[in-house]
Amino acid sequence: MALNYIWIAFFVIAFIVSFTKLVFFGDTEAFKLLVEGMFNSSKSSVMDIALPLAGNMAFWLGILNIGEKAGAINFLSRIVGPFFSRLFPDVPKDHPATGQMMMNFSANLMGLDNAATPLGLKAMGSLQELNNDKETASNAQIMFLVLHTSGLQLLPVTIIAQRAILNSKDPAEVFLPCIIATYVATVVGLIAVAIKQKINLFDKVIIGWLGGVTAFITLMVWYFTTQLTKEQIGTVSSVISNVMLFTIPVVFIVGGLIKKVNVFEAFVDGAKGGFETSIKIIPYLVAMLVGISVFRSCGALDYMNEGLRWLCTRFNLDTRFVDAMPVAYLKPLSGSGSKAMMISVMQTFGVDKFAGRLAGIFNGSADTTFYIVALYFGSVGIKKSRYAIPAGLIADLAGVIAAIFIAYLFFGYQP
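All of these numbers come straight from a predicted model, not from anything done at the bench.

Teacher, can you tell me more about the UniProt feature "transmembrane region" (unreviewed entry) in the protein chain here?
As recorded in UniProt, the feature "transmembrane region" (unreviewed entry) lies at residues 6-25, 46-67, 174-194, 206-224, 236-258, 278-295 and 387-411. From the first C-alpha to the last, residues 6-25 spans 27 Å; its make-up is 100% helix and 0% strand. The straight-line gap between the two end C-alpha atoms of residues 206-224 is 27 Å; of that span, 100% is helix and 0% is strand.

See the structure below:
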């Protein structure tokens, strides 16, 4: 229901703003921009997202099917089972969804977006099999979605690479701030959903796992920041990501060979569902991306930013962070949009200036909540998202606030 009202708001706000521009300011291009945005985004959602996704979906679902037949998914399920059984009490022990969710989270941690999406859609499909009300999101699906949208990532390779392309003196300097901000978003999202679902967060297993993850992240941050040079951080991050991306299919294939699985047939059987899923999500992608496009094209984001700048000025607050805020506005709506805005901010204000650094941290602090809700729930036919969007936005807001404070902590002394 929340997604319904938000989608309506995109169009109504866009019409009001554009009509005001036309009637009171004589802007004859206002509605032309809206129409162009509608056509371009509807085309892009199919040609640039859905169809390219079909190839990735086919490949990774095929690899995942090999892993399931080889027993790798069950192995992962047993490892994380005690922890996930607390967070997902409605998911039976050793259910394939547990291993699939773990694969999705692992891919996200390593910044492997191409693998994370197909694996996540497969996990959502498995959770849907356990869902009694096929049109309404279950507790397990909401928990999974919010943890996914919080965007926990240990290797922000894309952001570091983009900063390098724009000739940053130290492309990897946002590495640590990105990890801290996204971890804050994930923990806050987890707590928000756990409170709603009455999950006992003081369970010793949950505390043990969260403590272990926190210790791992702390150790990794320590290693990267003390044992590697600044130039090495970006290189090592990229190497680790690519090694992981290729290691997963190799391990599954070798495992299938050891288990005497017909690997090729298993791959083909799994890959068949990739195209079907990609076609199924097209209406949801078109609806969401067109709505986001008209909201951007009308200039509403610019007005939001100027309003925030005025408010900060009234309270005598530093306004440097406001220059990067368009990235934070767009991040829950569109990954490509927020990336384009990040690049724009870096080019406009300087990649090594405060706004440029904060733009990168914003882009790495969370994931695209609305896009992911439309994509993941749309793939299994869920129409009622319940509190998934508010919980996801709470995590996003926590990531944004954390990113601002961390940016001032690390770079506040610089212009």
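Text resumes after the structure shown.
Help me out: how do you make sense of the environment of Ile179 in this one?
Position of Ile179 among the secondary structure elements: in helix 8 (residues 175-196). Here Ile179 falls in the buried class, since its relative accessible area comes to 1%. Taking C-alpha positions, Ile179 is 32 Å from Ile253, a pair spaced 74 residues apart along the chain.

Help me understand the packing of helix 11 (residues 263-280) against helix 12 (residues 282-297) in this model?
When two helices pack together, you describe them by how their axes are tilted relative to each other and by the distance separating the axes. Between helix 11 and helix 12, whose axes approach to 4 Å, the crossing angle comes to 40 degrees. Seen from helix 11, the contacting residues are Ser278, Ile279 and Lys280; seen from helix 12, they are Ile282, Pro283 and Tyr284. Split into classes, the residues belonging to the contact of helix 11 with helix 12 amount to 4 nonpolar, 1 polar and 1 charged.

Any chance you could explain the UniProt feature "domain: Nucleoside transporter/FeoB GTPase Gate" (unreviewed entry) in the protein chain here in plain terms?
Within this structure's numbering, the places UniProt gives as "domain: Nucleoside transporter/FeoB GTPase Gate" (unreviewed entry) are residues 52-160 and 279-383. Summarising residues 279-383: 72% helix, 0% strand, and an end-to-end C-alpha distance of 17 Å.

Can you help me understand the packing of aromatic side chains in this one?
Two measures describe an aromatic ring pair: the distance that separates the ring centres and the angle between the ring planes. This structure, assessed with the given rule, holds 14 aromatic pairs. Between Phe59 and Trp60 the ring centres are 5.2 Å apart and the planes differ by 85 degrees, which places this aromatic pair in the edge-to-face class. For Trp60, a relative accessible area of 4% translates into the label buried. Each ring, one from Phe354 and one from Tyr408, has its centre 4.6 Å from the other, and the planes form 45 degrees; the classification is tilted. Taken as a pair, Phe354 in helix 16 (residues 354-364) and Tyr408 in helix 18 (residues 388-411) lie far apart in primary sequence, 54 residues in all. For Phe354, a relative accessible area of 1% gives the class buried. Feature note: the residues Phe83, Phe84, Phe88, Phe105, Phe144, Trp209 and Tyr376 constitute an aromatic cluster, connected by ring pairs. Looking at Arg320, its charged tip hangs above the ring of Phe354, at a distance of 4.6 Å from the centre.

Looking at this structure, how should I read empty space enclosed by the protein?
A water-sized probe, rolled over the atoms, reveals where empty space remains. With the rule as written, the count across this model stands at 2 cavities of 30 Å³ or more. Empty space within the largest cavity amounts to approximately 70 Å³. Along the walls of the largest cavity sit Ser77, Gly81, Phe84, Ser85, Phe88, Val91, Pro92, Lys93, Asp94 and Thr98, which together make up its complete lining. Classifying every residue of the lining of the largest cavity by side-chain character gives 4 nonpolar, 4 polar and 2 charged. Taken as a whole, the second largest cavity holds about 40 Å³ of empty space.

Thresholds applied
Residues numbered from 1 in each chain as written. Predicted model: local features only at pLDDT ≥ 70, side-chain atom pairs only at ≥ 80, totals over all residues. Heavy atoms only, no water. UniProt positions renumbered as here; feature names shortened; annotations may be inferred. Helix = DSSP H or I, 4+ residues; strand = E, 2+ residues; numbered from the N terminus. Buried < 20%, exposed > 50% of the residue type's maximum accessible area, 1.4 Å probe, protein only. Axes fitted to C-alpha atoms, helices over the stretch in contact; angles between N-to-C directions. Contact = heavy atoms within 4.5 Å. Nonpolar A, V, L, I, M, F, W, Y, C, P; charged D, E, K, R; others polar. Phe/Tyr/Trp six-rings, centres within 6.5 Å; stacked < 30°, edge-to-face > 60°. Lys NZ or Arg CZ within 6 Å of the ring centre and 35° of its normal. 1 Å grid on protein atoms, 1.4 Å probe; cavity = no way out; pocket = protein on both sides within 12 Å on 5 of 7 lines; lining within 4 Å. Points joined across faces, edges and corners; volume = space filled by probe spheres on them.

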